[in-house]
Amino acid sequence: MRDRYGRKIDYMRISVTDRCNFRCRYCMPDGIKQVPMSKILTYEQIAEICEAAVSSGITKFKITGGEPLVRLGCPDLVRMIREIPGTEQITMTTNGMLLSEMLPELKRSGLDAVNISLDTLKPEVFRFITGVDALDRVLGSIRDAVDAGLRVKINSVLQQGVNDGEWKELIRLAEHQPVDVRFIEMMPIGHGKDFTEISNEEIRRRVTEFWPGTREDRTVHGNGPACYLRIPGFLGSIGFISAMHGKFCGSCNRIRLTSQGKLKPCLCYGESVDLMDIFRVPDRTMRKQMLEEKLSEAVGKKPESHCFTELSEITEKKDMVQIGG
Ligand code: SAM
Ligand code: SF4
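Residues numbered from 1 in each chain as written. Chains lettered and ligands numbered in written order. Predicted model: local features only at pLDDT ≥ 70, side-chain atom pairs only at ≥ 80, totals over all residues. Heavy atoms only, no water.

Draft legend 1. Expanded view of the overall build of the chain. Within the chain, the regular secondary structure consists of 10 helices and 12 strands. In terms of C-alpha radius of gyration, the chain reaches 19 Å, essentially the compact-globule figure of 20 Å for 325 residues. Considered along the principal axes of its C-alpha atoms, the chain spans approximately 60 × 40 × 40 Å. Evaluated residue by residue, the chain yields a buried proportion of 57% over its 325 residues. Within the chain, contacts between residues at least 6 apart in sequence are counted, and of these 73% link residues at least 24 apart. Of the side-chain charges in the chain, 47 are positive and 45 negative, and the distance between the mean point of each set is 2 Å. (Helix = DSSP H or I, 4+ residues; strand = E, 2+ residues; numbered from the N terminus. Rg over C-alpha atoms; globule rule 2.2 N^0.38 Å. Buried < 20%, exposed > 50% of the residue type's maximum accessible area, 1.4 Å probe, protein only. Contact = heavy atoms within 4.5 Å. Lys, Arg positive; Asp, Glu negative; His and termini not counted. Charge placed at Lys NZ, Arg CZ, Asp CG, Glu CD.)

Draft legend 2. Representation of the sheet that holds strand S9 (residues 238-241). If you trace the 12 strands from one edge of the open sheet to the other, you get S7-S8-S9-S6-S5-S4-S3-S2-S1-S10-S11-S12, paired in mixed fashion. Of all the strands in the sheet, the pair left with one neighbour each is strand S7 (215-217) and strand S12 (273-274). In this structure, strand S8 (residues 227-230) lies alongside S9, joined through three bridges in antiparallel fashion. Considered in S9, the bridge of Tyr228 is made with Gly239. Against the sheet, helix H5 (residues 135-147) contacts strand S4 (113-117), strand S5 (151-156) and strand S6 (179-184), and its axis sits at roughly 165° relative to S4. Contacts from helix H8 (residues 200-210) reach S6, S7, S8 and S9 within the one sheet, and its direction differs from that of S9 by about 160°. (Pairing = 2+ DSSP bridges. Axes fitted to C-alpha atoms, helices over the stretch in contact; angles between N-to-C directions.)

Draft legend 3. Here's a closer look at the side chain of Gln177. Tracing the backbone through its elements, the reader meets Gln177 in the loop between helix H7 (173-176) and S6. On the accessibility criterion, Gln177 (19% relative accessible area) is buried. Within polar-contact distance, the side chain of Gln177 engages the backbone oxygen of Leu173 at 3.3 Å. With near-sequence residues (within four places) excluded, Gln177 lies in contact with Ile142, Arg143, Val146, Leu235 and Gly236. (Polar contact = N/O pair within 3.5 Å; in protein donor to acceptor, adjacent residues only side chain to side chain.)

Draft legend 4. Inspection of the environment of Ser237 at higher detail. Residue placement: Ser237 occurs in the loop between S8 and S9. For Ser237, a relative accessible area of 0% puts it in the buried group. Spatially, the C-alpha atom of Ser237 lies 9.2 Å from that of His221, the residues being 16 residues apart in sequence. Every residue in contact with Ser237, bar those within four places of it in the chain, is listed here: Ala174, Val179, Asp180, Val181, Asp217, His221, Tyr228, Leu229 and Arg230. A polar side-chain atom of Ser237 sits 2.7 Å from a polar atom in the side chain of Asp217.

Draft legend 5. Broad picture of the site of ligand 2. Within the structure, ligand 2 sits among eight residues, and Cys20, Cys24, Cys27, Met28 and Asn95 are positioned closest to it. Considered class by class, the residues forming the shell around ligand 2 number six nonpolar, two polar and no charged. (Near = heavy atom within 4 Å. Nonpolar A, V, L, I, M, F, W, Y, C, P; charged D, E, K, R; others polar.)

By themselves these figures say nothing about function.
Next comes the structure, spelled out in structure tokens:
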């Protein structure tokens, strides 16, 4: 499917829950009022949406949250999407807390790759950022996911005076393991507004200075807007998702589905297209047609670009955990 600006939209991020077992300071520090399960899409409904999406040319899916693995039976959803003919790729973004124990089932269900969020290698900083003592578990999940043969990416958000000094140590995770380490610039969504982002340009500069011989890596690493560097001798690459200092909207390929059944054309704006009502229609064929129409409507509403640098223009008021980061 193409949007008004000619961009090919073939990727959907699906939030399966707004709940989480962490309390990251930039995402949901105090928790949020939990939405009752009756207002959350069932896995069957999500699979129906994915079926309509695949028919519309959206064939790559990322399962996220909140924390996707706190929702019971998450591997079942992976399997249901995998069984849709035409699905090309299913990946997941997780905080890694529950990943190790669920890896065998996730793999069997057809998960292709996993992004694990990790902002620090210091236990006390980990607790400060996430509210939980779980650094070892997350590091264990990274090792187990690699051993299980999944493609693994690590997502790190740097905060001034908290973990920005750890950029080198985080990068070294890619030295002896085939994992990509990616720095995501803090975005002014929800509690993210309370932080000043660390520019990825600055981290890139430091990397090339510290590791001479570092060069651009132009191979395709996934569906996202990350740019990559390759450090000589490292097994993994270093990625930069620079929403603030490297606007990548020209190559945006995605829409988002919230756990409450809303399609979001862009992370920055509150506008959404509601799908919940469609599930009152008893006829499945008719539902599929209606879902396809709504997907096309949402893609048609994609703006040319986000406005993260103009805070007053950001109309999305929800936290990242509610939207699906
Ligand atoms: N719970 C899962 C996790 O932490 O990976 C999935 C959801 S989380 C919202 C997805 C990603 O969004 C995480 O890597 C997190 O660090 C990132 N994130 C959350 N709030 C953000 C913000 N304001 N700016 C940039 N990234 C953010
Ligand atoms: Fe939970 Fe992920 Fe948000 Fe942290 S970033 S609070 S782990 S949803």
